[in-house]
Amino acid sequence: MKSPKAQLIRTIYKQVYKPALFRRDPEEAHDRMLRLGHGLGNHTLSRAIVRGFLHYSHPSLEQTIHRINFKNPVGLSAGFDKDANLMSIMPSVGFGFMEVGTITCDPYEGNLGKRLVRLPKSRAIIVNYGLKNLGSRTITAKLAHESRPIIPMVISIGKTNCREAVDTRTGIRDYFMCLKRFVNAKIGDIYDINISCPNVFGGEPFTTQEKLDSLLSKIGELNITKPMFLKMPSDKNWEEFSSLLDVAVKHGVQGVIISNLSKDRSSSDIKDDIDPQQKGGISGKPVSERSNEFISKTYASYGDKLTIIGVGGIFSAEDAYEKIKRGASLVQLITGMIYEGPQLIGEINRGLVQLLKKDRYSNINQAIGAYHP
Ligand SMILES: Cc1cc2nc3c(=O)[nH]c(=O)nc-3n(C[C@H](O)[C@H](O)[C@H](O)COP(=O)(O)O)c2cc1C
């Protein structure tokens, strides 16, 4: 199923690059990958070489959603490219779309202490960046000078992580001003309102019906014509989760990204010892089951109203296909790529084509929600 070129990159990544990378502090390793990706994206030749080794395309993976053309359903999730450094290279890596951010109105240098911890036995990461980013002013200015990326770009919008923005009115204004900057600059194909970062000062303040309603009412004043999505929390029960979906539907939100990091450390999928003092939300395999469950339930009850992007613990084509059959139109990942290597994107797309063939589907859109009667 794997191409010889992808197999070669997999071997090099797992045997050579990853061991060296994983000896470093995880945040330093992340920054190195960003610098490498940025550098490779700067030159036509390096982009072409990356594309030659990693990119895979097939007509059965292509679909149009909210009038946006996606060459394949696999996207980069929010948090890997916080400051928009990888716009030029990610299309060559083979992503069908990418999310930039989360970006907040004002810059934030990140939470104190260790901000990333690997949990290798659990195939997970503890993340405690707390929405570290350069801020909306710098990032809009940067993106205004870039040529438009050739894959759809989702802009993740969050609330500045500071004491002042904890107050609901100030917080709403903060989201509003940030989003307004991107809307006015006409940057982005989809806007994702991140209401679920678990690592910010004051907690997740917009994950109650009333506050989300106020936030989306204010955002409505911008009369945004591009699709708007919500990044959903992981640590809710279905009743709480669906109450937020009701608010989203009421305000004409087009879709939801399911789901964000989890603070729950009781999952049997967590196989590493975790320092109880280490703060942060968990990504990767331990969030997979919860994300899958919410995708199924959301599709069953809101599938005709909300487009679903599924994220959490995708390490293979089978993992991605599971989310699609449960109801996701698109999927995203980060942790899988960190553990498996950049060839994973092409491998997933290639694998999806095989899985579609096996199920006798001619296009990915026929598989969306296939588990549901
Ligand atoms: C290093 C890292 C940083 C992240 N930062 C953000 C972020 O800024 N905004 C956001 O909405 N999600 C963020 N996330 C969550 C991911 O977008 C995703 O929802 C979660 O990691 C599950 O996907 P995965 O298992 O494929 O990593 C981050 C995840 C990781 C691993």
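The structure we're discussing is the one just above.
This report concerns the structure included in the present document.

1. Concerning the sheet that holds strand S11 (residues 281–282)
Taken in spatial order, the three strands line up as S5-S6-S11 in an open sheet, and their pairing is antiparallel. Strand pairing shows two members of the sheet lacking a second neighbour, strand S5 (116–119) and S11, which therefore form its edges.

2. A look at the pattern of salt bridges
Scanning the entire structure with this criterion turns up 17 salt bridges. Lys 14 is the salt-bridge partner of Glu 340, the closest N and O atoms lying 3.1 Å from each other. A residue pair is termed long-range when its members are at least 10 positions apart, and Glu 340 in helix H11 (residues 335–340) and Lys 14 in helix H1 (residues 4–22) qualify at 326 residues. The class for Glu 340 is buried, based on a relative accessible area of 9%. On the basis of relative accessibility, which here comes to 30%, the residue Lys 14 falls in the partly exposed class. Note that Glu 293 is salt-bridged to Lys 297, the shortest N-O span being 3.3 Å. Residue Glu 293 and its partner Lys 297 are located together in helix H9 (residues 288–302), separated by four residues, close to a single helical turn. For Glu 293, a relative accessible area of 39% corresponds to the partly exposed category.

3. Focus: a nonpolar patch on the surface
Residues Leu 8, Ile 12, Val 16, Tyr 17, Leu 36, Leu 45, Ile 49 and Phe 53 make up a contiguous nonpolar surface patch of roughly 720 Å² in combined accessible area. If you list the elements that add at least two residues to the nonpolar patch, you get H1 and helix H3 (44–54). It is H1 that contributes the most residues to the nonpolar patch, four residues altogether. Note that Ile 12 resides in helix H1. By relative accessible area, Ile 12 is classed as partly exposed at 42%.

4. Some words on the nonpolar core
Membership of the largest hydrophobic core comes to 90 residues, with the highest contact counts inside it found for Phe 80, Phe 182, Ile 193 and Leu 230. Among all residues touching Ile 193, those that are not within four sequence positions of it are Ile 157, Tyr 175, Leu 179, Leu 215, Ile 219, Met 228, Phe 229, Leu 230 and Lys 231. If you look at the next biggest cluster of nonpolar residues, it comprises eleven residues, including Phe 70, Val 154, Ile 190 and Val 311.

5. Here's the deal with the site of the ligand
In the region of the ligand, 22 residues are neighbours, and Ser 77, Ala 78, Thr 102, Gly 284 and Thr 335 sit closest. Separating an oxygen atom of the ligand from a side-chain N or O atom of Thr 335 is a distance of 2.5 Å. Out of a free accessible area of 600 Å², the ligand has 98% covered by protein chains. Here the ligand occupies the largest cavity. When its residues are assigned to classes, the shell around the ligand shows nine nonpolar, eleven polar and two charged.

Quick notes on the rules
- Numbers given to residues run from 1 along each chain, matching the order in which its sequence is written.
- Since the coordinates come from a predicted model, pLDDT governs what is reported: local features require at least 70, and pairs of side-chain atoms require 80 or more to be given and counted, while whole-chain, interface and lining totals use all residues.
- In computing side-chain properties, one takes all heavy atoms of the structure into account and sets aside hydrogens as well as water.
- DSSP bridges decide pairing: two strands pair if at least two such bridges lie between them.
- Secondary structure elements are defined from DSSP: runs of H or I of at least 4 residues count as helices, runs of E of at least 2 residues count as strands, and each element is numbered from the N terminus.
- A pairing counts as a salt bridge when a side-chain nitrogen of Lys or Arg comes within 4 Å of a carboxyl oxygen of Asp or Glu.
- Summary of the burial criterion: residues with accessible area below 20% of their type's maximum are buried, those above 50% are exposed, and those between are partly exposed, where the area comes from a 1.4 Å probe applied to protein chains only.
- Like-charged residues within 9 Å of one another, or nonpolar side chains (Val, Leu, Ile, Met, Phe, Trp, Tyr) within 5 Å, are grouped into patches, provided each residue has over 30% relative accessible area and no salt bridge.
- Using a 1.4 Å probe, the Shrake-Rupley method yields the accessible areas, and only the shown protein chains count as cover for residues.
- Remark: nonpolar core denotes a set of buried residues (Ala, Val, Leu, Ile, Met, Phe, Trp, Tyr, Cys) joined through side-chain atoms within 4.5 Å.
- What makes two residues a contact is simply this: any of their non-hydrogen atoms within 4.5 Å.
- Definition of nearness: a residue and a molecule or strand are near each other if at least one heavy atom of the residue lies within 4 Å of the molecule or strand.
- For the purposes of these results, a polar contact is taken to be a pair of N or O atoms within 3.5 Å, where, inside protein, one atom must be able to donate a hydrogen and its partner to accept one; residues adjacent in sequence count only when each atom of the pair is a side-chain atom.
- Here a cavity is any set of points on a 1 Å grid over the protein atoms alone where a 1.4 Å probe fits but cannot get out, and a pocket is any open set with protein on both sides within 12 Å along at least 5 of 7 lines; a residue lines the site when it has an atom within 4 Å of a point.
- Any molecule with more than half of its atoms within 2 Å of a cavity's or pocket's grid points is counted as sitting in it.
- All amino acids are sorted into three groups, where Ala, Val, Leu, Ile, Met, Phe, Trp, Tyr, Cys and Pro are nonpolar, Asp, Glu, Lys and Arg are charged, and the leftover types, Gly among them, are polar.

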